[in-house]
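Structure at a glance
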Amino acid sequence: GAGVSQTPSNKVTEKGKYVELRCDPISGHTALYWYRQSLGQGPEFLIYFQGTGAADDSGLPNDRFFAVRPEGSVSTLKIQRTERGDSAVYLCASSPGPSSYNEQFFGPGTRLTVL
Amino acid sequence: QQQVKQSPQSLIVQKGGISIINCAYENTAFDYFPWYQQFPGKGPALLIAIRPDVSEKKEGRFTISFNKSAKQFSLHIMDSQPGDSATYFCAAPLAGTALIFGKGTTLSVSS
C-alpha cells in the first residue's frame, strides 16, 4: 500500500515569505506527527494530531508555525515570515493510533531552503 | 530531563564485523525504546524496538540490549553489510506519544 507522502519534495523560498507543506498520511492512520530535521541532527518534534485536533503542539518553535488537519487525514504545516533558520527537512509521520507503542511511519520529507 | 544521548556520532566497520551504537536516557518514565534507520533522502524507518520489561530483543542480525539500572540501551548489528550503511537514531517517547530522538550515528560498512 501507499506510504506517507509529502509535497513538495523541495521548496526554496525567500526570507519573509509564507510557505505551506503538505502531508498525506497512510489511509486509516488517526495519529499524525510533524518533525523537523536539521543537518546532522535527529528529528525534532513539532506537533501531533489525533484525528482533526492538535493534541500536542508544544514543539512548535514560535507563532510563525501553524498546522492544520481539518478532515482528519491530510495535514498542512504553515510557516509565516520565513527565516533562514527555518531551513531544514520537515518530516511527517503517521501511526494507526495514539499509543506510543505504535510504529510511526515517516514520509520522505520536504527540504525547505530559505534564502 | 527528556533527552536521549547517542554515541558514537560516526562509525566505520568492516564487512562482517559488529556495529555497536549506544544510547543513554535520564527520564525513568520512558517505557519504549525504538531504533530508526535512515538512508539519504529518505525518512526514518523503524528497525527494532524494545520495552524495558526485557533485557534483550533480537530480530535477525539486529539486537537491542537494555540496561535499566544504567539507563542505557544499545543496538548491535551482527555481520554488518554494506547495505547497512545508513544513519541510525535511538528514540524514546515524550509525554504523550511523540518521539524524542538522539542525534544519530552515521554507520559506514566497508566492503
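Scroll up to find the structure this text is about.
Note on numbering: residues in each chain are counted from 1, in written sequence order. Chains and ligands are labelled sequentially in the order written, the chains with letters from A and the ligands with numbers from 1. A pLDDT threshold of at least 70 governs which residues receive local features in this predicted model, and a stricter bar of 80 or more applies before side-chain atom pairs are shown or counted, although totals over entire chains, interfaces and linings include all residues. Hydrogens and water are ignored here; the side-chain numbers use all heavy atoms of the structure.

Quick look at the pattern of salt bridges now. One side-chain nitrogen of Lys or Arg within 4 Å of one carboxyl oxygen of Asp or Glu is enough to make a salt bridge. Counted by the stated rule, this structure contains six salt bridges over all chains. The closest approach of N and O atoms between Arg 64 of chain A and Glu 83 of chain A, which form a salt bridge, is 3.5 Å. Of this pair, Arg 64 of chain A sits in the loop between strand E6 (53-56) and strand E7 (65-68) while Glu 83 of chain A sits in the loop between strand E8 (75-79) and strand E9 (88-95), placing them 19 residues apart in sequence. A salt bridge links Lys 57 of chain B to Glu 59 of chain B; its shortest N-O distance comes to 3.5 Å. On the basis of relative accessibility, which here comes to 32%, the residue Lys 57 of chain B falls in the partly exposed class. Exposure categories follow from relative accessible area, calculated using a 1.4 Å probe and restricted to protein chains: below 20% of the type maximum is buried, above 50% is exposed, and the middle band is partly exposed. Accessibility expressed as a relative area gives 36% for Glu 59 of chain B, which makes it partly exposed. It is possible to trace a salt-bridge network through shared partners that takes in Arg 64, Glu 83 and Asp 86 of chain A. Helix and strand assignments follow DSSP, with helices taken as H or I runs no shorter than four residues and strands as E runs no shorter than two, numbered in order from the N terminus.

Moving on, we get to the nonpolar core. The biggest cluster of nonpolar side chains holds 41 residues, and the ones touching the most others in it are Tyr 35 of chain A together with Phe 33, Trp 35, Phe 73, Leu 75, Tyr 88 and Phe 101 of chain B. For this core, the element with the most residues is strand E9 (residues 86-93) of chain B, which contributes six residues. Contacts are assigned to residue pairs with any non-hydrogen atoms lying within 4.5 Å of each other. Leave out the neighbours within four places in its chain, and Phe 101 of chain B touches Tyr 35, Gly 42, Pro 43 and Phe 106 of chain A together with Val 4, Tyr 36, Phe 89, Cys 90 and Ala 91 of chain B. Counting 20 residues, the second-largest nonpolar core is a separate cluster that includes Trp 34, Leu 46, Ala 67 and Cys 92 of chain A. Throughout, nonpolar core names a set of buried Ala, Val, Leu, Ile, Met, Phe, Trp, Tyr and Cys residues whose side chains join them through atoms within 4.5 Å.

Turning our eyes to something else, we now look at the packing of aromatic side chains. For Phe, Tyr and Trp, rings pair up if their centres lie within 6.5 Å, where Trp contributes its six-membered ring, and each pair is then called stacked (planes under 30 degrees apart), edge-to-face (over 60) or tilted (otherwise). Counted by the stated rule, this structure contains 18 aromatic pairs over all chains. Plain terms: the ring middles of Phe 33 of chain B and Phe 73 of chain B are 4.7 Å apart, the flat faces sit at 50 degrees to each other, and that makes the pair tilted. In this pair, Phe 33 of chain B is assigned in strand E4 (residues 33-38) and Phe 73 of chain B in strand E8 (residues 72-77), connecting sequence segments 40 residues apart. On the accessibility criterion, Phe 73 of chain B (2% relative accessible area) is buried. Here the aromatic rings of Trp 35 of chain B and Phe 73 of chain B are separated by 5.7 Å at their centres, their planes lie at 70 degrees, and the arrangement is edge-to-face. Of this pair, Trp 35 of chain B sits in strand E4 while Phe 73 of chain B is found in strand E8, placing the two residues 38 residues apart along the sequence. A residue is classified by how much of its surface remains accessible, and Trp 35 of chain B, at 0% relative accessible area, is buried. In this structure an aromatic cluster arises from ring pairing among Tyr 33, Tyr 35, Phe 45, Tyr 48 and Phe 106 of chain A together with Tyr 36, Phe 89 and Phe 101 of chain B. In this scheme, Lys NZ or Arg CZ marks a charge over a ring once it lies within 6 Å of the ring centre and within 35 degrees of the ring normal. Directly above the aromatic system of Tyr 101 of chain A lies the positively charged group of Arg 51 of chain B, at a separation of 3.5 Å from the ring centroid.

All right, on to a nonpolar patch on the surface then. All names here are of chain B. On the surface, Ile 18, Ile 20 and Met 78 cluster together to form a nonpolar patch covering roughly 240 Å² of accessible area. Looking at the element boundaries, Ile 20 is found in strand E3 (residues 19-25). Assessed through its relative accessible area of 36%, Ile 20 is described here as partly exposed. Patch membership needs two things, relative accessible area over 30% and no salt bridge, and members are linked within 9 Å if like-charged or within 5 Å if nonpolar (Val, Leu, Ile, Met, Phe, Trp, Tyr). Under the convention used here, a 1.4 Å probe and the Shrake-Rupley method define accessible areas, while residue burial counts only the protein chains that appear.

Attention now goes to the side chain of His 29 of chain A. All names here are of chain A. Relative to the elements of secondary structure, His 29 occurs in the loop between strand E3 (19-24) and strand E4 (31-37). Within the local environment of His 29, its side chain forms a polar contact with the side chain of Ser 94, the two groups lying 2.8 Å apart. Filtering out sequence-adjacent residues up to four positions away, His 29 remains in contact with Arg 69, Gly 72, Ser 94, Ser 95, Pro 96 and Phe 105. Pairing of N or O atoms within 3.5 Å defines a polar contact, subject to two protein rules: one partner must be a possible hydrogen donor and the other a possible acceptor, and residues neighboring in sequence count only if both atoms are side-chain atoms.

All right, on to the layout of surface pockets then. Approximately 660 Å³ is the volume attributed to the largest pocket. A pocket, in this scheme, is an open set of points on a 1 Å grid over the protein atoms alone with protein on both sides within 12 Å along at least 5 of 7 lines, while a cavity is a set where a 1.4 Å probe fits but cannot get out; residues line either one if an atom lies within 4 Å of a point. Gln 37, Leu 39, Val 89 and Arg 111 of chain A together with Gln 38 of chain B are the residues nearest the centre of the largest pocket, which is lined by 31 residues in total. At the level of secondary structure, the elements contributing two or more residues to the lining of the largest pocket comprise E9 and strand E11 (110-114) of chain A together with E9 and strand E11 (105-110) of chain B. Element by element, the count of residues in the lining of the largest pocket is highest for E11 of chain A, at four residues. Its residues assigned to classes, the lining of the largest pocket comprises ten nonpolar, 18 polar and three charged. Grid points are joined across faces, edges and corners, and a volume is the space filled by probe spheres set on the points. If you add up the space inside the second largest pocket, you get close to 460 Å³. Lining the second largest pocket are 23 residues, and of these Gln 41 and Gly 42 of chain A together with Phe 101, Gly 102 and Lys 103 of chain B lie nearest its centre. Among the secondary structure elements, those contributing two or more residues to the lining of the second largest pocket are E4 and strand E5 (44-50) of chain A together with strand E1 (4-7) and strand E10 (99-101) of chain B. Three classes are used: nonpolar for Ala, Val, Leu, Ile, Met, Phe, Trp, Tyr, Cys and Pro, charged for Asp, Glu, Lys and Arg, and polar for all others, with Gly counted as polar.

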